[in-house]
Amino acid sequence: MGDLMAAAAWVYTLIPAGAAIAGAAVAVNTRPGPNLVSAIQHFAAGVVFAAAAGEILPDVMHRGSPLATVIGGAIGVGVMLLVKQLENWAKGPVGLLAAIGIDILIDGLVLGIGFAAGPKVGLLLTIALTIEVLFLGLTVANELGESVRSRAKIVAITAALALLLPIGALLGTPIALLPDPILTGFFAFGLIALLYLVTEELLVEAHETPDRPWVTAMFFAGFLVLLLLEEAIG
């Protein structure tokens, strides 16, 4: 069973990985405007938030392991704050790529944790993270476009970063075999990572441009879209 979930998680990571490469390919040819980028960030934030609240949070609450929840959540907070500090220290393209690489690796880990919770959770997280990683592909291409002239090289670098998704997923899926309290701790970690992604990355960057009502509404559109998908999947 564990091997099947690991295989499923690995295969599903190819979807967001492909989205990252597609985002880079689009960005090297047509630089998206700030309003469109902000709208994508709002929509992605809504989708990821819905996945966290609708799938991971109930799993954490219903397992009845408060100590494991606290420990896993505290580790999640510590790791994400460390990631934030590393991003603040990052200088130049190499620093940026390192920070984004860590983000993508953690995304893959969270996806692996999602498949440990169940196929439905894994599928919905795949949808949520595909949109988020698409934006990361746009970001990488836009930043590298200032120092790297070769479009093919920019897309190749993005593809190399996207490989961290399946690596993270393979690291995350074996936790399905762990005792239930430890599993709860990992779910709490994944929940914190997703909430950090929404509140400290996607929405913060989305508000760097002046707010427009239709752009803000994209957050709620993303939230509702994932809820409808959840209902449709059952």
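Keep in mind that this is a model prediction, so the values were computed, not measured.

Asks: Explanation requested: the overall build of the protein in the structure shown.
Replies: The helix and strand inventory of the protein stands at 9 helices and 0 strands. When the helices and strands of the protein are listed from N to C terminus, the series reads α-α-α-α-α-α-α-α-α. Radius of gyration (C-alpha) of the protein: 17 Å, near the 17 Å computed for a compact globule of 234 residues. Seen through its C-alpha atoms, the protein measures out along the principal axes to roughly 50 × 35 × 35 Å. Looking at the protein residue by residue over its 234 residues, the buried ones come to 47%. Carbon together with sulfur atoms contributes 73% to the accessible area of the protein, which is approximately 10,800 Å² in total. Between the averaged position of the 9 positive side-chain charges in the protein and that of its 17 negative side-chain charges there is a distance of 12 Å.

Asks: Quick question: what am I supposed to make of the nonpolar core here?
Replies: Taken as a class, soluble globular proteins show a tendency for nonpolar side chains to be buried jointly. Ranked by internal contacts, the top residues of the largest apolar core, which has 40 residues, are I56, L125 and L194. The set of elements that each furnish at least two residues to this core consists of α2 (34-62), α3 (66-89), α4 (92-117), α5 (119-144), α8 (180-206) and α9 (213-233). Those residues in contact with L194, other than ones at most four positions away along the chain, are V48, A52, I56, V110, L125 and L129. Of all hydrophobic cores here, the second largest spans 19 residues; its members include A27, L97, I104 and V133.

Asks: Please explain the pattern of salt bridges as it appears in this structure.
Replies: Charged atoms that come close allow side chains of opposite charge to pair. Within this structure, the stated rule accounts for 2 salt bridges. Among the salt bridges present, the one from E200 reaches K84, with a minimum N-O distance of 3.6 Å. With E200 in helix α8 and K84 in helix α3, this pair connects stretches of sequence that are 116 residues apart. We classify E200 as partly exposed; its relative accessible area is 34%.

Asks: Help me understand the packing of α2 against α9, please; the structure alone is not making it clear to me.
Replies: A pair of packed helices can be characterised by two numbers: the angle between their axes and the separation between those axes. Where α2 meets α9, the axes come as close as 7 Å, and the angle between the chain directions of the two elements is 35°. For the element pair α2 and α9, the recorded crossing hand is right-handed. Here the residues of the contact of α2 with α9 are counted per class, giving 15 nonpolar, 7 polar and 2 charged.

Asks: Where do I start with the packing of aromatic side chains in this structure?
Replies: Two aromatic rings are characterised by how far apart their centres lie and by the angle between their planes. Summed over all chains, the structure comprises 4 aromatic pairs. Each ring, one from F49 and one from F219, has its centre 6.2 Å from the other, and the planes form 45°; the classification is tilted. Highlighted residues: F49 in helix α2 and F219 in helix α9, separated in sequence by 170 residues. Relative accessible area serves as the criterion here: at 31%, F49 is assigned to the partly exposed category. Residue F219 is classed as buried on the basis of its relative accessible area, which comes to 15%. On the numbers, 5.9 Å between centres and 35° between planes, the contact of F49 with F223 is tilted.

Asks: Before we go on, may I ask you to explain the side chain of D59 in this structure?
Replies: Counting through the fold element by element, D59 comes out in helix α2. By relative accessible area, which is 18% here, D59 ends up buried.

Rules of the game
Residues numbered from 1 in each chain as written. Predicted model: local features only at pLDDT ≥ 70, side-chain atom pairs only at ≥ 80, totals over all residues. Heavy atoms only, no water. Helix = DSSP H or I, 4+ residues; strand = E, 2+ residues; numbered from the N terminus. Rg over C-alpha atoms; globule rule 2.2 N^0.38 Å. Buried < 20%, exposed > 50% of the residue type's maximum accessible area, 1.4 Å probe, protein only. Areas by Shrake-Rupley, 256 points an atom, 1.4 Å probe, with all protein chains shown as cover. Lys, Arg positive; Asp, Glu negative; His and termini not counted. Charge placed at Lys NZ, Arg CZ, Asp CG, Glu CD. Core = buried A, V, L, I, M, F, W, Y, C linked by side-chain atoms within 4.5 Å. Contact = heavy atoms within 4.5 Å. Salt bridge = Lys/Arg side-chain N within 4 Å of Asp/Glu carboxyl O. Axes fitted to C-alpha atoms, helices over the stretch in contact; angles between N-to-C directions. Left-handed = near helix turned anticlockwise from the far one by under 90°. Nonpolar A, V, L, I, M, F, W, Y, C, P; charged D, E, K, R; others polar. Phe/Tyr/Trp six-rings, centres within 6.5 Å; stacked < 30°, edge-to-face > 60°.

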